Amino acid sequence: MRLAFMGSPDFAVPALRALHAAGHEVAAVYCQPPRPAGRGQKEQPCPVHRAALALGLPVRTPTRLKRDAAEHAVFAALGLEVAVVAAYGLILPPAMLEAPRRGCLNIHASLLPRWRGAAPIQAAILAGDAESGVTIMRMEEGLDTGPMLLREAVPLGPRMTTPALHDALAEMGARLVLRALAENPPPVPQPEAGVTYAPKLTKADGRLDWSLPATALDARVRALNPWPGTFFQHQSEAIRLLAAEPAAGAGPPGMVLDAAGLVACGEGVLRLQRLQRPGRGPLAVGEFLRGCPLPPGMVLG
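Along each chain, numbering runs from 1 in the same order as the chain's sequence is written. The predicted origin of the model limits local features to residues at a pLDDT of at least 70 and limits the giving and counting of side-chain atom pairs to 80 or more, whereas totals for whole chains, interfaces and linings rest on all residues. Note: side-chain values were computed over all heavy atoms of the structure, leaving out hydrogens and water.

(A) The arrangement of the layout of surface pockets in detail. Using a grid of 1 Å spacing that covers the protein atoms alone, one calls a set of points a cavity when a 1.4 Å probe fits there but cannot get out, and a pocket when the set is open and has protein on both sides within 12 Å along at least five of seven lines; lining residues are those with an atom within 4 Å of a point. Grid points are joined across faces, edges and corners, and a volume is the space filled by probe spheres set on the points. Volume-wise, the largest pocket comes out at about 1800 Å³. Taken together, 48 residues line the largest pocket, and the ones lying closest to its centre are P9, A87, Y88, G89 and A118. Among the secondary structure elements, those contributing two or more residues to the lining of the largest pocket are β3 (35–37), α2 (47–55), α4 (94–97), β7 (104–108), α5 (120–126) and α6 (162–183). When the residues that make up the lining of the largest pocket are grouped by side-chain class, the tally is 29 nonpolar, 11 polar and 8 charged. Numbered from the N terminus, helices here are DSSP runs of H or I no shorter than four residues, and strands are runs of E no shorter than two. As a working rule, the residues Ala, Val, Leu, Ile, Met, Phe, Trp, Tyr, Cys and Pro are called nonpolar, Asp, Glu, Lys and Arg charged, and the rest polar, with Gly in that last group.

Right, here's the structure in full:
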């Protein structure tokens, strides 16, 4: 069918490729405009933009949509059966939500109504959820409030990380949206009970609070890497903690307990496994400590 695809990050790329491979007519791909990135701060297209160009698809990168009547008219003129949205990054105004004949379908990376909002993958790991998944929903003006068409769950193991869950849900979303288009399942309203929100993450969310239990800090490390990253202060540097594991033990929160990178928490201890100094590459804990000692008795910030 004739559709528009609206997405920006890596999460959305499998769905775009799947729709194209399935023979759907992708009339336009909407994504975030190119932005400065890298050491040279040259403008770089987002992952969906690059994928669309590789597939030979037309790309539109408006900076705003809410009050842009000209952009609304362009979208309406596409004559769409449906629009598929996956982590686009801009809010669609009513004029655009209502333009496609079958509406706008969103690939959301949670089991709605749990974890509406911007960071559902990280939120599920932070909360220690037993499962996550993907919901295909018909969009409306509210934040992830629309009726559900399809849902599929995946169990979260005790060592699940955001990159692993991200990739699994991206592939699941691509498969489910194809089913939704082919089967046109009846929409089911979201239940009122069980609503939670996953707000947009900031760099400040990554600072480690050693007064928390080791299990909570472990979840934070697994959830917030690679972005915004988790870190602690050592002297004047913010040291990124890329991998860790909870262990048995006790001590004053933040105190280094041995020469191998064991740190006391509010409850239990955290064994540091992979770290990174500013401007340096990631290192396993043994190699890191040879260049940047954290002696026993030191209290980390």
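(B) Region of interest: the pattern of salt bridges. For this document, the term salt bridge refers to a Lys or Arg side-chain nitrogen within 4 Å of an Asp or Glu carboxyl oxygen. If you walk through the whole model with that rule in mind, you get 10 salt bridges. Between E71 and R60 there is a salt bridge whose closest N-O contact spans 2.8 Å. Of the two residues, E71 is situated in helix α3 (residues 69–77) and R60 in strand β5 (residues 59–60); the sequence distance between them amounts to 11 residues. Only protein chains enter the area calculation, which uses a 1.4 Å probe; residues under 20% of their type maximum are buried, those over 50% are exposed, and those in between are partly exposed. Under the relative-accessibility criterion, E71 is labelled buried at 7%. According to the relative accessible area criterion, R60 is partly exposed, its value standing at 31%. Here E237 ties to R277 by a salt bridge, and the two come within 2.9 Å at their closest N and O atoms. Taken together, the positions of E237 in strand β13 (residues 237–247) and R277 in the loop between β15 (269–276) and β16 (283–284) put the pair 40 residues apart, joining distant regions of the chain. The exposure class assigned to R277 is buried, which follows from its relative accessible area of 19%.

(C) Structural view of the packing of helix α1 (residues 13–21) against α6. Relative to each other, α1 and α6 sit at 40°, their axes nearing to 8 Å. As judged from the angle between their axes, α1 and α6 are oblique. Read as a crossing pair, α1 and α6 show a hand that is right-handed. Contact with α1, carried on its side by P14, A15, A18 and L19, involves A170, E171, A174, V177, L178 and L181 of α6 and no other residues of that element. Partitioning the contact of α1 with α6 into residue classes produces 9 nonpolar, no polar and 1 charged. Lines fitted to the C-alpha atoms define the axes, with helices restricted to the stretch that makes contact. Angles between their N-to-C directions range from 0 to 180 degrees. Oblique is the label for every angle not falling under 35 degrees (roughly parallel), over 145 degrees (roughly antiparallel), or within 65 to 115 degrees (roughly perpendicular). Crossing handedness follows the turn of the near helix against the far one: under a right angle anticlockwise gives a left-handed crossing, and clockwise gives a right-handed one. Here a residue-residue contact requires only that any non-hydrogen atoms of the pair lie within 4.5 Å.

(D) Focus on unusual backbone geometry. Geometrically, the link from L112 to P113 is a cis peptide bond, its omega value of 15° lying close to zero. Relative to the helices and strands, P113 resides in the loop between β7 and β8 (116–117). Cis geometry marks the peptide bond from N225 to P226, where omega comes out at 15°. Here P226 shows up in the loop between α7 (214–224) and β12 (231–234). Positive phi outside glycine occurs at N184, with the angle close to 45°.

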